[in-house]
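Residue-level listing of the chains:
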Amino acid sequence: MSAPRRAGSPRHAGRAMLGATAYAVTIFLLLPTLVIAPMSVGPERYLRFPPNGFSLRWYAEYFADSDWVNATLFSLEAGVIATLAATVIGTMLALALVRGRLPGKGLIELLVIGPVIVPHIALAVAMFLVFEQLRLTGTLLGFAMAHTILALPFVVFTVLAALYRFDADLERAAVSCGASPLRTFRHVTLPLIAPGVVSAALFAFIISFDEAVVSFFISNLDRKTLPRKMFEDIDYNISPTLAAVATMLTLLTVAALVGSHLVRSRLDARTRSAEP
Amino acid sequence: MSARPHRWLLGGRHYSSAASLALAAPFLVLAFVTFLLPLGSLLHESLFLPTPTLAHYERAVTAPVYLRVMLRTLRIAAIVTVLALLLAWPLALVMARSTGLKLAILVASVLLPLWTSVLVRTYAWMVLLQKNGVINQMLMASGLVDEPLKLLYTETAVVIAMSHVLLPFMVLPIYSALRGIPDDYSRAAQMLGASEWATFREVIFPLSLPGVTSGCLMVFLLALGFFVTPALIGGPQQMMIATLVSQQVREMLDWSFAGALVGVMLAFVLLLALIFKRAVRLDRFVGSA
């Protein structure tokens, strides 16, 4: 019925143009981040593309500089604590939202999405004001708390999605066989949402590890996170050490995304096999 | 066999109100200390210090120097939103029509930047746009320009870098809307004699509009409060409202005025979020990985 598709027809040209535009946008999206990696292994003091040689000297410089290493370790500490806290608190809240009778549910949902919608600069300045009075600026606890609230929305939504994916009858069945709420959660609910929870934890970690704006305000001279240190250094000079740091951060993100993807495909396989 | 299910499981809602509240309690405490209390204190500073007054707000919205910053912020946010929409729509459409490896590559190219540190991406743009940076080198090599252009610290640079950083927030909602349109619709339209262009105009495009609204709202809201990218790429000449807030706190130590600026920002953001309540959907970002 339809006319045979011919190369050179208007329809063909339209499709080709659409495809070309889409791929151009893809290159625009990826290029800036990908250009940094080759530049970071150049031997010279000035960033050059393409680099004229190969050297890991800027990576060595990073590992030799205690300022960079300390900032990284501090970021890791805050990130691990924030990840654990956000994952536990977020999973509990998601359970209450889906399976519970929560008074003021609408308001709580608004409160969950709040830290995403409110500009981070507003939150950063506001936290600085209160944290200063509570003596939380520059402390591990302060960073962990700030990063936890910022990561929570992503945890809650990921776990909610995992909870919606499986049949609540499975829980009902466990209970009708005499299992207590806690036992049901441990042996039925948690194993079924586990991939969602792990994936939520990975997102929480990336968010905490990359967070720059709030960290910029609540850090002090000797306790700062990696992004805060990057922010300071970018202002002074665009050194190749920064390119090395940026590359390592990007690799970390790729690893977390791949991990999250693997966990998620397992979730899909599992919920499929759990279907009757 | 136990005869009766536990009370907490009756009626689909498994947990009692008390148990639900206990589960939500840690979140509520944390949200109070790190969200409600700080924002409340800042707004309090802006309204009641030293005495109840609206003077700080009046200054924020009438003094020409600050008005200029606000208008620039609105203008840049609007340009970034339109630019992101123009770039995102074709990509989202091609994604929606792809499967397998092609789809995986396209999705990865959107998600990788989305989850890569904003600082890393901003730094990358600074490297690309600087005087002896990659873009100037290419322009000179191709003979288009004789001497390096001043790219960094211009509004154009801010717009390019911000569009890049916010583009995934536009692509994902549009992709998810397009993906939700059943194939049957366009097949039906074409069987009834519609051309491909007519199908696109009358069926596909209107059905993608919820995604477009959602994407535009997210990008516009995020652009309004953007701090890292404009501060580093725009420099002092291209100051946006977030940099102004930061300057008031860090350099002027004027908490009341910073609070008023934040108050204006919050009012604007909340108004938009309430109007487009259904468009603010976080699940599109976490669900797509």
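It should be emphasised that the depicted structure is a prediction, and the values quoted were computed from it without experimental measurement. Every chain is numbered independently, its residues counted from 1 as its sequence is written. A letter from A marks each chain and a number from 1 marks each ligand, given out in the order of writing. Per-residue local features of the predicted model are confined to residues with pLDDT of at least 70, and side-chain atom pairs are confined, for both listing and counting, to 80 or more; whole-chain, interface and lining totals are unaffected and use all residues. In computing side-chain values, all of the structure's heavy atoms are included and hydrogens and water are not.

### Notes on the overall build of chain A
Turning to step 1, where the next piece is worked out: Each helix and strand in chain A was counted, giving 11 helices and 0 strands.
Turning to step 2, where the next piece is worked out: For chain A, the N- to C-terminal ordering of α and β elements is α-α-α-α-α-α-α-α-α-α-α.
Turning to step 3, where the next piece is worked out: Radius of gyration (C-alpha) of chain A: 24 Å, far over the 19 Å computed for a compact globule of 276 residues.
Turning to step 4, where the next piece is worked out: Dimensions of chain A along its principal axes, counting C-alpha atoms only, are 75 × 70 × 30 Å.
Turning to step 5, where the next piece is worked out: Expressed as a percentage of the 276 residues in chain A, the buried residues total 55%.
Turning to step 6, where the next piece is worked out: Residue contacts follow a heavy-atom distance rule, with two residues in contact if any of their heavy atoms lie within 4.5 Å. Across chain A, contacts joining residues at least 24 apart in sequence account for 71% of those joining residues at least 6 apart.
Turning to step 7, where the next piece is worked out: Summing over all exposed atoms, chain A offers an accessible surface of approximately 12,400 Å²; the carbon and sulfur share of this is 66%.
Turning to step 8, where the next piece is worked out: Charged residues are defined here as Lys and Arg on the positive side and Asp and Glu on the negative side; His and the ends of the chain fall outside this count. Note on charges: their place is set at NZ of Lys, CZ of Arg, CG of Asp or CD of Glu. For chain A, the separation between the mean place of its 23 positive charges and that of its 18 negative charges on side chains is 11 Å. Helix and strand assignments follow DSSP, with helices taken as H or I runs no shorter than four residues and strands as E runs no shorter than two, numbered in order from the N terminus. It is over C-alpha atoms that the radius of gyration is taken, and the globule rule equals 2.2 Å times the number of residues to the power 0.38. For each residue, the accessible area found with a 1.4 Å probe, counting protein chains only, is set against the maximum for its type, and the residue is called buried under 20%, exposed over 50%, and partly exposed in between. Here the open area of atoms and residues is found with the Shrake-Rupley method and a 1.4 Å probe, where only the protein chains shown may cover a residue.

### So, the overall build of chain B
Turning to step 1, where the next piece is worked out: A count of helical and extended segments in chain B gives 13 helices and 0 strands.
Turning to step 2, where the next piece is worked out: Each helix and strand of chain B, placed in order from N terminus to C terminus, yields the pattern α-α-α-α-α-α-α-α-α-α-α-α-α.
Turning to step 3, where the next piece is worked out: A compact globule built from 289 residues should have a C-alpha radius of gyration of about 19 Å, whereas chain B, at 24 Å, is more than 25% larger.
Turning to step 4, where the next piece is worked out: Going through the 289 residues of chain B one by one, you find that 53% of them count as buried.
Turning to step 5, where the next piece is worked out: When contacts within chain B are restricted to residue pairs at least 6 apart in sequence, those whose partners lie at least 24 apart make up 72%.
Turning to step 6, where the next piece is worked out: When the accessible surface of chain B is totalled, it reaches about 13,100 Å², and 68% of it is carbon and sulfur.
Turning to step 7, where the next piece is worked out: For chain B, the distance from the average site of its 20 positive side-chain charges to the average site of its 12 negative ones is 10 Å.

### A closer look at helix H5 (residues 118-129) of chain B
All names here are of chain B.
Turning to step 1, where the next piece is worked out: Helix span, expected: 1.5 Å multiplied by one less than the number of residues in the helix. Over its 12 residues, H5 extends 16 Å from the first C-alpha to the last, a length consistent with the 16 Å expected when each residue adds 1.5 Å.
Turning to step 2, where the next piece is worked out: Across the 12 residues that make up H5, a large majority, 11, are buried.
Turning to step 3, where the next piece is worked out: For H5, every residue scored as buried is listed here: Leu119, Val120, Arg121, Thr122, Tyr123, Ala124, Trp125, Met126, Val127, Leu128 and Leu129.

### Description of the UniProt feature "transmembrane region" (unreviewed entry) in chain A
Turning to step 1, where the next piece is worked out: UniProt positions are given in the numbering used here, feature names are shortened, and annotations may be inferred rather than shown by experiment. Per the UniProt record, "transmembrane region" (unreviewed entry) is found at residues 20-41, 78-98, 110-131, 143-164, 192-218 and 238-263 of chain A.
Turning to step 2, where the next piece is worked out: Taken end to end, residues 238-263 of chain A is 92% helix and 0% strand, and its two terminal C-alpha atoms sit 37 Å from one another.

### Topic: a nonpolar patch on the surface
Residues and elements named next belong to chain B.
Turning to step 1, where the next piece is worked out: A surface patch of nonpolar side chains, about 320 Å² in accessible area, is lined by Leu67, Leu71, Leu74 and Phe268.
Turning to step 2, where the next piece is worked out: In terms of residues, the nonpolar patch owes the most to one element, helix H3 (residues 64-96), which gives 3 residues.
Turning to step 3, where the next piece is worked out: Relative to the assigned elements, Leu74 resides in helix H3. Patch membership needs two things, relative accessible area over 30% and no salt bridge, and members are linked within 9 Å if like-charged or within 5 Å if nonpolar (Val, Leu, Ile, Met, Phe, Trp, Tyr). In what follows, salt bridge is the name for a side-chain nitrogen of Lys or Arg lying within 4 Å of a carboxyl oxygen of Asp or Glu.

### Regarding the interface of chain B and chain A
Turning to step 1, where the next piece is worked out: Contact residues are listed per partner, giving 89 residues for chain B and 98 residues for chain A.
Turning to step 2, where the next piece is worked out: Interface area for chain B against chain A, summed over the two sides, is near 8,700 Å², with a carbon-plus-sulfur share of 80%.
Turning to step 3, where the next piece is worked out: At the junction of chain B with chain A, the criterion picks out 0 salt bridges.
Turning to step 4, where the next piece is worked out: Here a polar contact is taken to be a pair of N or O atoms separated by no more than 3.5 Å, where protein atoms must pair a possible hydrogen donor with a possible acceptor and residues adjacent in sequence count only if both atoms sit in side chains. Run the count over chain B and chain A and you get 6 residue pairs in polar contact (both at pLDDT 80 or more).
Turning to step 5, where the next piece is worked out: If you tally residues by element for the side of chain B that touches chain A, the top one is helix H1 (residues 17-48) of chain B, at 21 residues.
Turning to step 6, where the next piece is worked out: The residue inventory of the side of chain B that touches chain A, partitioned by class, reads 63 nonpolar, 18 polar and 8 charged. The term buried area refers to how much accessible surface (probe radius 1.4 Å) is lost by two components on association, counted for both of them together. Amino acid classes used here: Ala, Val, Leu, Ile, Met, Phe, Trp, Tyr, Cys and Pro are nonpolar; Asp, Glu, Lys and Arg are charged; the rest, including Gly, are polar.

### Quick word on the pattern of salt bridges
All names here are of chain A.
Turning to step 1, where the next piece is worked out: Scanning all chains against the criterion turns up 10 salt bridges over all chains.
Turning to step 2, where the next piece is worked out: One salt bridge connects Glu232 with Lys224, and the closest N-O pair in it is separated by 3.2 Å. With respect to burial, Glu232 and Lys224 carry one shared label: buried.
Turning to step 3, where the next piece is worked out: What emerges from the salt-bridge pattern is a single network uniting Asp67, Lys229 and Asp233.

### Examining the confidence of the model for chain A
Turning to step 1, where the next piece is worked out: Here chain A averages 87 in pLDDT, and 92% of its residues register 70 or above.
Turning to step 2, where the next piece is worked out: On a scale of 0 to 100, pLDDT captures the predictor's confidence in every residue. Counting contacts from residues 1-7 of chain A, a segment whose pLDDT is below 50, to residues more than four positions away or on other chains yields 4 contacts.

### Side note on the packing of aromatic side chains
Turning to step 1, where the next piece is worked out: Aromatic rings from Phe, Tyr and Trp, with only the six-membered ring used for Trp, were paired whenever their centres fell within 6.5 Å, and each pair was classed as stacked if the ring planes differed by under 30 degrees, edge-to-face if by over 60, and tilted otherwise. What the rule picks out here adds up to 19 aromatic pairs over all chains.
Turning to step 2, where the next piece is worked out: Centroid distance Tyr62(A) to Phe63(A): 4.7 Å. Interplanar angle 80°. Geometry classified as edge-to-face.
Turning to step 3, where the next piece is worked out: In textbook terms, an aromatic cluster arises when at least three aromatic residues are bridged by ring pairs, as seen for Phe128(A), Phe216(A), Phe217(A), Phe231(A), Phe227(B) and Trp255(B).
Turning to step 4, where the next piece is worked out: For a lysine, the NZ atom is tested; for an arginine, the CZ atom; a charge sits over a ring if that atom is within 6 Å of the ring centre and within 35 degrees of the ring normal. Lying over the aromatic face of Phe257(B), Arg59(B) brings its terminal NZ or CZ to 4.0 Å of the ring centre.
Turning to step 5, where the next piece is worked out: In this structure, Arg250(B) packs its charged tip against the face of Phe217(A), placed 5.7 Å from the ring centre.

### So, the environment of Ala177(B)
Residue and element names in this part refer to chain B.
Turning to step 1, where the next piece is worked out: Its place among the elements puts Ala177 in helix H7 (residues 155-179).
Turning to step 2, where the next piece is worked out: The spacing of Ala177 and Leu207 is 30 residues in sequence and 7.3 Å in space, taken between C-alpha atoms.
Turning to step 3, where the next piece is worked out: If near-sequence neighbours (up to four positions away) are discounted, Ala177 is found in contact with Leu207, Ser208 and Gly211.

### Concerning the environment of Phe217(A)
Turning to step 1, where the next piece is worked out: When you line up the elements, Phe217(A) lands in helix H9 (residues 213-218).
Turning to step 2, where the next piece is worked out: Separated by 89 residues in the primary sequence, Phe217(A) and Phe128(A) place their C-alpha atoms 5.9 Å from one another.
Turning to step 3, where the next piece is worked out: When sequence neighbours within four positions are dropped, the list of residues in contact with Phe217(A) reads Ile121(A), Ala124(A), Val125(A), Phe128(A), Phe227(B), Ser246(B), Val249(B) and Arg250(B).

### Some details on unusual backbone geometry
Residues and elements named next belong to chain B.
Turning to step 1, where the next piece is worked out: Positive phi is not limited to glycine here, since Tyr153 has a value of about 65°.
Turning to step 2, where the next piece is worked out: You can see Tyr153 is positioned in the loop between helix H6 (134-141) and H7.
Turning to step 3, where the next piece is worked out: Residue classification places Tyr153 among the partly exposed residues on the basis of a relative accessible area of 37%.
Turning to step 4, where the next piece is worked out: We note that Leu253 has phi near 55°; this positive angle belongs to a residue other than glycine.
Turning to step 5, where the next piece is worked out: A relative accessible area of 60% places Leu253 in the exposed class.

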